Amino acid sequence: MPKIHSVPISLIQIGESRQRREFKPEDLVKLADSISQNGLLHPVVVRREGAQLILVAGERRIRAMKYVWNFGQTVQCGGEIFPEDHVPCLDVGEMDPIDAFEAELEENIRRADLSWQERVKATNDLMELRKMQADQRGTPAPTVNTLAIEIHGETTTPGQASGGALDQTRKELIVSRYLDDPDVKKASSADDAFKVIKRKEAAKKHADLAAQLGPTFTSSQHTLLQGDCIEVMRDLVPGTFDVILTDPPYGIDAHEFGDSGARTGGAHFYDDSFDTWVELMRAFASISFNLAKPAAHAYVFCDVVNFEFLKGFMKEAGWDVFRTPLIWVNPTAMRAPWPENGPQRKWQACLYAMKGKRPVTRLYPDVITVKSDENLGHQAQKPVDLYADLLTRSVRPGDSVLDPFCGSGPIFPAAHALKCRATGIERDAAAAGIAAKRLEQLK
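In this section: the environment of Ala-51. By the secondary structure assignment, Ala-51 is in the loop between β3 (44–49) and β4 (52–57). We classify Ala-51 as exposed; its relative accessible area is 86%. In the structure, Ala-51 is positioned 40 residues away from Leu-11 in sequence and 9.3 Å away in space, judged by C-alpha atoms.

Printed below as a string of structure tokens:
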């Protein structure tokens, strides 16, 4: 052990920024009593800076020693009695590097003005210190759990930190590795810094995936299947798709609506009665859940009147359904159910559901404003930008997406732009032909 020096208390400088937040008088009295009975077990630690002695660790001990002297008692340390107002000190420059590191860290961690960045660094420094000490002593290495208990002093069961303490300590250790990142450093808190790191890591992962796929992502990456979607879906491999995005029939007798203002080749060709829709969507909900990966998203367009029915079918199949629909606002929509009495219908609903706990790429609003594309000849054609908006919320490059009611195939250019592999199913030959042309154009 290095030499213990006797230093007049008046020579020890305590910086304001290093002062601890609070010292409970009752705790200081207890420590003073221990010092008078047993002596001072650990000397104060100082650092010499020119003619000054700067306190590194031991402000609480100095305050307790003042109590001892006020009571007319003496301070002993290392078998030596120290006169009143003379503090037993160790010079950090004479200490073992690991002991010096611990002394400075112990005091710095209690600074009154500690920023979140400094707190995070102190947590990481403490972990590094405990690792060095364990290596020096040949004892087990510290864990996040033991560190959390030391820092927060919170336990649920003996030897187990509370969930909150464990989570906070883990976050601080992660954030400490990114403190040189300007975006991380300027975050308002350690929690916000952790969110920045997660976003940046996700973006890097996406960029790496895109680089692996290369610039020559072609139409051959996608699949167009013609036939009844329920029958075709039954032949697909379970657990294949990351996202299911589709625009099925609405069950609102759309086959009686006409030809979309003469922009398409005829009226809706399919039976859009409610009873047929119920049978179709029950089957879709179950099969789509089976085809989805363990963590997946689903976006299913529907009529708002039938939203609760569809929600029930999806939940029965195992999907976790968002309580309210997403809303697509179409400024260019022309349809007026009551042409002479108004109003025009400018919006449609979309059910959003999740399987497992797949995260979104970031938080997006539940209202999407996208105008119609030029109609290619399909009665219920959705804009490519609308599909791209929904996919952007959920996919990473290389993911697989499924549209079982793909119609004219907006899923293909939308997925292609995001470097995802799309599988589309369409029963109507004319619509499938439009989708095939879209695929051809992707070459």
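This brings us to the packing of helix α4 (residues 116–137) against helix α6 (residues 163–176). Two numbers describe how α4 lies on α6: the axes approach to 8 Å, and their chain directions differ by 95°. Regarding the angle of α4 to α6, the classification is roughly perpendicular. Note on element contacts: α6 touches α4 through Thr-169, Glu-172, Leu-173, Val-175 and Ser-176, opposite Trp-116, Arg-119, Val-120, Thr-123, Asn-124 and Met-127. Residues belonging to the contact of α4 with α6 are distributed by class as follows: 5 nonpolar, 4 polar and 2 charged.

Two elements in contact, helix α10 (residues 274–291) and helix α11 (residues 307–317), have axes whose closest approach is 8 Å; the angle formed by their N-to-C orientations is 30°. In this structure, α10 meets α11 at a crossing whose hand is right-handed. Contact with α10, carried on its side by Phe-274, Trp-277, Val-278, Met-281, Arg-282, Phe-284, Ala-285, Ser-286 and Phe-289, involves Phe-309, Leu-310, Phe-313, Met-314, Glu-316 and Ala-317 of α11 and no other residues of that element. Of the residues in the contact of α10 with α11, the class split is 12 nonpolar, 1 polar and 2 charged.

Below, the discussion takes up the pattern of salt bridges. Enumeration over the complete set of coordinates arrives at 16 salt bridges. With a closest N to O distance of 3.4 Å, Arg-358 and Asp-242 form a salt bridge. In this pair, Arg-358 sits in the loop between β15 (347–355) and β16 (367–369) while Asp-242 sits in strand β11 (residues 241–246), placing the two residues 116 residues apart along the sequence. Taking relative accessible area as the criterion, Arg-358 reaches 9% and is therefore assigned buried. A salt bridge links Lys-382 to Asp-247; the nearest nitrogen and oxygen atoms lie 2.7 Å apart. Linking Lys-382 in the loop between β16 and α12 (384–392) with Asp-247 in the loop between β11 and α10, this pair joins segments that are 135 residues apart in sequence. Linked through salt bridges whose partners overlap, the residues forming this network are Asp-181, Asp-183, Lys-186 and Lys-200.

This brings us to the confidence of the model for the protein chain. Per-chain confidence: the protein chain averages 84 in pLDDT, with 86% of residues scoring 70 or above. The model gives residues 258–268 a pLDDT under 50, and that stretch makes 21 contacts with residues more than four places away or in other chains.

Parameters and conventions
- Residues numbered from 1 in each chain as written.
- Predicted model: local features only at pLDDT ≥ 70, side-chain atom pairs only at ≥ 80, totals over all residues.
- Heavy atoms only, no water.
- Helix = DSSP H or I, 4+ residues; strand = E, 2+ residues; numbered from the N terminus.
- Buried < 20%, exposed > 50% of the residue type's maximum accessible area, 1.4 Å probe, protein only.
- Axes fitted to C-alpha atoms, helices over the stretch in contact; angles between N-to-C directions.
- Parallel < 35°, antiparallel > 145°, perpendicular 65-115°, else oblique.
- Contact = heavy atoms within 4.5 Å.
- Nonpolar A, V, L, I, M, F, W, Y, C, P; charged D, E, K, R; others polar.
- Left-handed = near helix turned anticlockwise from the far one by under 90°.
- Salt bridge = Lys/Arg side-chain N within 4 Å of Asp/Glu carboxyl O.
- pLDDT = per-residue confidence, 0-100.

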